[in-house]
Amino acid sequence: MEVCWQIQRPASLRPGFQEKGRVKINTFSVGFFPRSISSIASLESQYKSNGFLHQITASADFSRKKQGRMAASGPKSSGPRGFGRRTTVGSAQKRTQKKNGEKDSNATSTATNEVSGISKLPAAKVDVQKQSSVVLNERNVLDRSDIEDGSDRLDKKTTDDDDLLEQKLKLERENLRRKEIETLAAENLARGDRMFVYPVIVKPDEDIEVFLNRNLSTLNNEPDVLIMGAFNEWRWKSFTRRLEKTWIHEDWLSCLLHIPKEAYKMDFVFFNGQSVYDNNDSKDFCVEIKGGMDKVDFENFLLEEKLREQEKLAKEEAERERQKEEKRRIEAQKAAIEADRAQAKAEIQKRRELLQPAIKKAVVSAENVWYIEPSDFKAEDTVKLYYNKRSGPLTNSKELWLHGGFNNWVDGLSIVVKLVNAELKDVDPKSGNWWFAEVVVPGGALVIDWVFADGPPKGAFLYDNNGYQDFHALVPRKLPEELYWLEEENMIFRKLQEDRRLKEEVMRAKMEKTARLKAETKERTLKKFLLSQKDVVYTEPLEIQAGNPVTVLYNPANTVLNGKPEVWFRGSFNRWTHRLGPLPPQKMEATDDESSHVKTTAKVPLDAYMMDFVFSEKEDGGIFDNKNGLDYHLPVVGGISKEPPLHIVHIAVEMAPIAKVGGLGDVVTSLSRAVQELNHNVDIVFPKYDCIKHNFVKDLQFNRSYHWGGTEIKVWHGKVEGLSVYFLDPQNGLFQRGCVYGCADDAGRFGFFCHAALEFLLQGGFHPDILHCHDWSSAPVSWLFKDHYTQYGLIKTRIVFTIHNLEFGANAIGKAMTFADKATTVSPTYAKEVAGNSVISAHLYKFHGIINGIDPDIWDPYNDNFIPVPYTSENVVEGKRAAKEELQNRLGLKSADFPVVGIITRLTHQKGIHLIKHAIWRTLERNGQVVLLGSAPDPRIQNDFVNLANQLHSSHGDRARLVLTYDEPLSHLVERQ
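Remember, it's a predicted structure, so these values are computed and weren't measured experimentally.

Conventions and cut-offs
Residues numbered from 1 in each chain as written. Predicted model: local features only at pLDDT ≥ 70, side-chain atom pairs only at ≥ 80, totals over all residues. Heavy atoms only, no water. Helix = DSSP H or I, 4+ residues; strand = E, 2+ residues; numbered from the N terminus. Buried < 20%, exposed > 50% of the residue type's maximum accessible area, 1.4 Å probe, protein only. Areas by Shrake-Rupley, 256 points an atom, 1.4 Å probe, with all protein chains shown as cover. Salt bridge = Lys/Arg side-chain N within 4 Å of Asp/Glu carboxyl O. Expected span 1.5 Å × (residues − 1). Bend = angle between axes of the 7 residues up to and from the residue. Contact = heavy atoms within 4.5 Å. Polar contact = N/O pair within 3.5 Å; in protein donor to acceptor, adjacent residues only side chain to side chain. Core = buried A, V, L, I, M, F, W, Y, C linked by side-chain atoms within 4.5 Å. 1 Å grid on protein atoms, 1.4 Å probe; cavity = no way out; pocket = protein on both sides within 12 Å on 5 of 7 lines; lining within 4 Å. Points joined across faces, edges and corners; volume = space filled by probe spheres on them. Nonpolar A, V, L, I, M, F, W, Y, C, P; charged D, E, K, R; others polar. Pairing = 2+ DSSP bridges. Axes fitted to C-alpha atoms, helices over the stretch in contact; angles between N-to-C directions. Parallel < 35°, antiparallel > 145°, perpendicular 65-115°, else oblique. Left-handed = near helix turned anticlockwise from the far one by under 90°. Arc of directions from axis to C-beta. Patch = residues over 30% accessible without salt bridge, like charges linked within 9 Å, V, L, I, M, F, W, Y side chains within 5 Å. pLDDT = per-residue confidence, 0-100. Phe/Tyr/Trp six-rings, centres within 6.5 Å; stacked < 30°, edge-to-face > 60°.

Some details on the overall build of the chain
In terms of regular secondary structure, the chain is built from 17 helices and 43 strands. Looking at the chain residue by residue over its 977 residues, the buried ones come to 45%. Carbon together with sulfur atoms contributes 51% to the accessible area of the chain, which is approximately 51800 Å² in total.

Okay, here's the thing in structure tokens:
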């Protein structure tokens, strides 16, 4: 309850000046006329307050408030910025600042000493006038220097006169102010009101004085009295000031405060600096501030301040992240240098070990077989290497070639040269037939390695390789071995560093391109979504910006409001939870284009992240278009608030890529990743089958164990495609069957799992917002949760049930539909197909078809690790050709330019098994290739396709391949070819 005092200026209070108009001031005898002071006349109207009504409102109980709620704007050692007095602090103020317990150095007394020296004004004026008369009577004729000197004195006298006049005006203002305050004090005292402010009209960005009568207060026996307060319901700029004794009788105390420009209300209490308060009978004091912000303006101001603060924090965080990234880069670079240096050393050690046998075998020549001229040479010299053709198996060869290298073939085959006949005259033709080749000794060579052949590489048939030992010659003037190896190590190190740099550049460019493509795809997807319902509703601009107006356009002709004479817009923000509540109903107007659309405009607050609305036929309701109970929701961008994250837990028995049978596994993974990307928290509870593909599980660790259902259940935790997964491993062997489905007790197995999953959540302290269960296999979650777990404090949890295939487990699906809060299926089309089913029809009000999507990260061909050549639209032909060739090679199909038909499916009657078989045979008849990847949960169908596979592999082995299992890498090849 608020209590207001009405404080009115008494009619008997007279203005400070008795007559209007000019104030009479004596002129000086020299004929000097002071400047116009007509502003004095305005003081009368300025200080009149007859008829003024001012409210001081008592509101919330300060004694129950925590001081921490006050948003102090400055350090604790000084007062908040903006509360300093704008006039000169007198000596009394200086003395009070030294008192203990004072929290603000600007705290002042209303009683100032500004007028202390003004009583001397008349005497000063007489002196000036006397001096002026003396100056004029002393001489009647002035020379130029005297005139200039007299002019200076006249200017000085004029300045002094101005100062005297200003002091007199100041004195008049102070007297007027005091009379006004004394009258207010007397009137308040007469009414028994212990507090008032001056001036009585409080405006933002101005100074005010707060007066308290200590005799009427609960602080009447306290030597120290302070004021503590803040603005705008204690939300803005807190302050503490000491009150000082004033010149007014009856023990009035006062202090000076500055009102910030953002204030619409001042809230405060008085206290003794410790624990004794005068808080207006537990209602606190408050003063309304006129002419500035109102509450809504202040809320918007706070939002703008918060936005600026967030932008500042974002920049600071970005800078911290940049510094962290730079630190990580430096550390990674240091680690890379150490790794490359270690690798270079290891490579050199390996080469040294390999080179030692060659050095041991190396000679300078072999008698009657080969020699080198000159015999003393070094690396990079050109030498002649002579070979006796008759010394080995190449005696009858028409050509001789040298195939060589160096340092035990460290760089492989690096010397290829054809030998020519040396035609040596001093050699016996019977004992030698010498040929030679000019060879450039490789740089860094310690040993030259070679063999002789009857032709060039890839054209030779007969070799002389020194009895499988190759030929090796020492380089006489080689580098010192240690120096050589050091240079080799540095060369290897530099090459490793360059390779790493190029690899990192390619990776960085790929990441940047991926981010750009992903952002472009996201933008296109959002735009497509916003335009998808344009026949009913859209906005201008299409992307709603926080803090800006938006026009909502609605076409009632395509809704239940078709033909209604009026359409009303009813909206809010942040899923109907915005602090300002719902917008007032707005009547929509016809658009200018004469279409059937109507429109209205709303201002989007800065803290909005979602715009919510419905339409009605009347202002007070009537028929509504609420999108079949879902309402219309459009995202808002650029706001300071983000949607609070939800905690979603999926309980499922399939998940790609670790245990996938059909589309259910894909949805569990891709939907969870999409929701997690929207900043929600996602966990998946999953059976720990013995057939899980553990190579796709990262950081798998034992988490805990618990007992339920007569057995111990071990819990493991790991990451699958970036998702948090809890694996339940009951020790009763229910999931040690080597398969997901196909056991006679599948219903019992999965029923046990559902109950065990809920027990795990309860014992683990989980409180999810949404429990999402899928198909018949985890349908029991819906009724088990409602029957057994809501009483344990999980009342906020809602159940979402998704139907992937109505063909199996109709009874369980029907029961889940009854208990679920919302139900979905894989597409709007399928929702229409099954809407007439008896297990669905009774629940259509909560049943929605949402089309399945794909995970753009997992299925992005530019970042697909399962295909040989990543591709975008720029190299799509090359990429798809490489994927097709890899698919043919992997499956043993003929590598030819055949069209390849790929089929990835779960083999059930619902998928059209007869059509799949027909497509296979028709493809083969038309000289194509066919690949089928999939399996059947029904053993009879699985066996049928096993027989078909045997038949096709026998008759069309180079053009048909049926892979009757789940293979994630292979599925990517089939999709990408």
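So that's the structure; there's more coming.
A look at the pattern of salt bridges
Within the structure shown, the criterion is met by 56 salt bridges. Where Arg308 meets Glu305, a salt bridge forms, and the shortest distance between an N and an O atom there is 2.5 Å. Of this pair, Arg308 and Glu305 both sit in helix 5 (residues 295-361), 3 residues apart, which is roughly one turn of the helix. Residue Arg308 is classed as partly exposed on the basis of its relative accessible area of 42%. You can call Glu305 partly exposed: its relative accessible area is 31%. Put simply, Lys796 and Asp769 hold a salt bridge, and the shortest N to O gap is 3.4 Å. In this pair, Lys796 sits in the loop between helix 10 (780-788) and strand 38 (798-803) while Asp769 sits in the loop between helix 8 (746-763) and strand 37 (770-774), placing the two residues 27 residues apart along the sequence. The partly exposed category is assigned to Lys796, whose relative accessible area is 45%. Within the structure, one salt-bridge network assembled from shared partners comprises Lys518, Arg673, Glu677, Asp855 and Asp857.

So, helix 5
Here helix 5 spans 97 Å end to end across 67 residues, near enough to the 99 Å set by a 1.5 Å rise per residue. Where helix 5 bends most, at Leu355, the angle is about 30 degrees, and the proline Pro357 comes one to four residues later. Against strand 6 (236-242), strand 19 (447-453), strand 21 (471-474) and helix 6 (481-532) lie the buried residues of helix 5. Between the side-chain oxygen of the N-cap and the backbone nitrogen of Val296 there are 3.2 Å, and the N-cap of helix 5 in question is Asp294.

Observations regarding the nonpolar core
Ile651, Ile658, Phe686 and Leu728 are the most contacted members of the largest nonpolar core, which has 65 residues in total. Sort the elements by how many residues they give to this core and helix 8 lands first, with 9 residues. Other than its neighbours up to four places away in sequence, Leu728 contacts Val685, Phe686, Pro687, Lys688, Tyr706, Ile713, Lys714, Val715, Phe753, Ala756, Ala757 and Phe760. If you look at the next biggest cluster of nonpolar residues, it comprises 28 residues, including Leu219, Leu243, Cys255 and Tyr264.

Some points on the layout of surface pockets
Looking at the second largest pocket, its volume works out to about 1100 Å³. Taken together, 44 residues form the lining of the second largest pocket, with Lys660, Gly662, Gly663, Leu664 and Asp666 sitting closest to its centre. Elements represented by at least two residues in the lining of the second largest pocket include exactly helix 7 (663-677), helix 9 (775-778) and helix 17 (968-976). Looking at which element gives the most residues to the lining of the second largest pocket, the answer is helix 7, with 6 residues. Residues belonging to the lining of the second largest pocket are distributed by class as follows: 17 nonpolar, 15 polar and 12 charged.

Comments concerning the sheet that holds strand 41 (residues 900-904)
Within the open sheet, the 3 strands sit side by side as 41-42-43. Their pairing is parallel. The open sheet has two edge strands, strand 41 and strand 43 (960-963), and neither has a second partner. When strand polarity is set aside, the average angle formed by the axes of neighbouring strands in this sheet is 5 degrees. Across 4 bridges, the pairing between strand 42 (residues 929-933) and strand 43 is parallel. Looking at strand 43, one finds that Val930 is bridged to Ala960. Strand contacts of helix 16 (residues 939-955): strand 42 and strand 43, with the helix running at about 155 degrees to strand 43, the strand carrying the most contacts.

Some remarks on the environment of Leu257
By the secondary structure assignment, Leu257 is in strand 8 (residues 252-258). The class for Leu257 is buried, based on a relative accessible area of 0%. In the structure, Leu257 is positioned 51 residues away from Glu206 in sequence and 8.5 Å away in space, judged by C-alpha atoms.

Some thoughts on the packing of helix 10 against helix 11 (residues 810-819)
Between two packed helices, both the angle of their axes relative to each other and the distance between the axes serve to describe the pair. Contact geometry for helix 10 and helix 11: axes closest at 8 Å, N-to-C directions at 45 degrees. Comparing the axis directions of helix 10 and helix 11 gives the class oblique. Considering only the axes of helix 10 and helix 11, their crossing is left-handed. Residues Ser782, Trp783, Lys786 and Asp787 of helix 10 form the contact with helix 11, whose participating residues are Ala812, Lys815, Ala816 and Phe819.

Some thoughts on helix 15 (residues 913-925)
In a regular helix each residue adds 1.5 Å, so 13 residues correspond to 18 Å; helix 15 covers 19 Å between its end C-alpha atoms and thus fits that length. For helix 15, the complete set of buried residues consists of Ile913, Ile916, Ile920, Thr923 and Leu924. Around the axis of helix 15, the buried residues are gathered within 100 degrees of arc, so they sit on the same side. Among the exposed residues of helix 15, those oriented more than 90 degrees off its buried face are His914, Leu915, His918 and Glu925. Tucked into the core, helix 15 has its buried residues touching strand 41, strand 42, helix 16 and strand 43.

Points about a nonpolar patch on the surface
A contiguous nonpolar patch, built from Leu479, Leu483 and Leu486 and spanning about 230 Å² of accessible area, is present on the exposed surface. Its location among the elements puts Leu483 in helix 6. Classification of Leu483 by relative accessible area gives partly exposed; the value is 36%.

Some thoughts on the sheet that holds strand 24 (residues 549-554)
An order of 22-24-28-27 is seen for the 4 strands of this open sheet, with the pairing classed as antiparallel. Every interior strand has two partners, whereas the edge strands, strand 22 (537-540) and strand 27 (589-590), have only one. The pairing of strand 27 with strand 28 (residues 598-603) spans 2 bridges and is antiparallel. Across the sheet, residue Ala590 finds its bridge partner in strand 28, namely Val598.

Things to note about the side chain of Ser670
Inspection of the secondary structure assignment puts Ser670 in helix 7. Among all residues touching Ser670, those that are not within four sequence positions of it are Gly853 and Asp855.

Quick notes on empty space enclosed by the protein
One pass over the structure, following the stated rule, counts 2 cavities of 30 Å³ or more. For the second largest cavity, the calculated volume is near 30 Å³. Lining of the second largest cavity is provided by Val364, Ile372, Ser375, Phe377, Leu474 and Pro476. Of the residues that constitute the lining of the second largest cavity, the class distribution is 5 nonpolar, 1 polar and no charged.

Details of the confidence of the model for the chain
Predicted coordinates in regions of low pLDDT should not be interpreted in detail. In the predicted model, the chain carries a mean pLDDT of 84, and the fraction of residues at 70 or more is 83%. Counting contacts from residues 1-145, a segment whose pLDDT is below 50, to residues more than four positions away or on other chains yields 254 contacts.

Considering the packing of aromatic side chains
Under the criterion given, the structure shown has 41 aromatic pairs. Ring geometry for Trp236 and Phe301: centres 5.2 Å apart, planes at 85 degrees, overall edge-to-face. Of the two residues, Trp236 is situated in strand 6 and Phe301 in helix 5; the sequence distance between them amounts to 65 residues. Taken together, a centroid distance of 5.6 Å and an interplanar angle of 5 degrees make the contact between Phe613 and Tyr632 stacked. One end of the pair, Phe613, is in strand 29 (residues 610-618); the other, Tyr632, is in strand 31 (residues 632-637), and 19 residues separate them in sequence.

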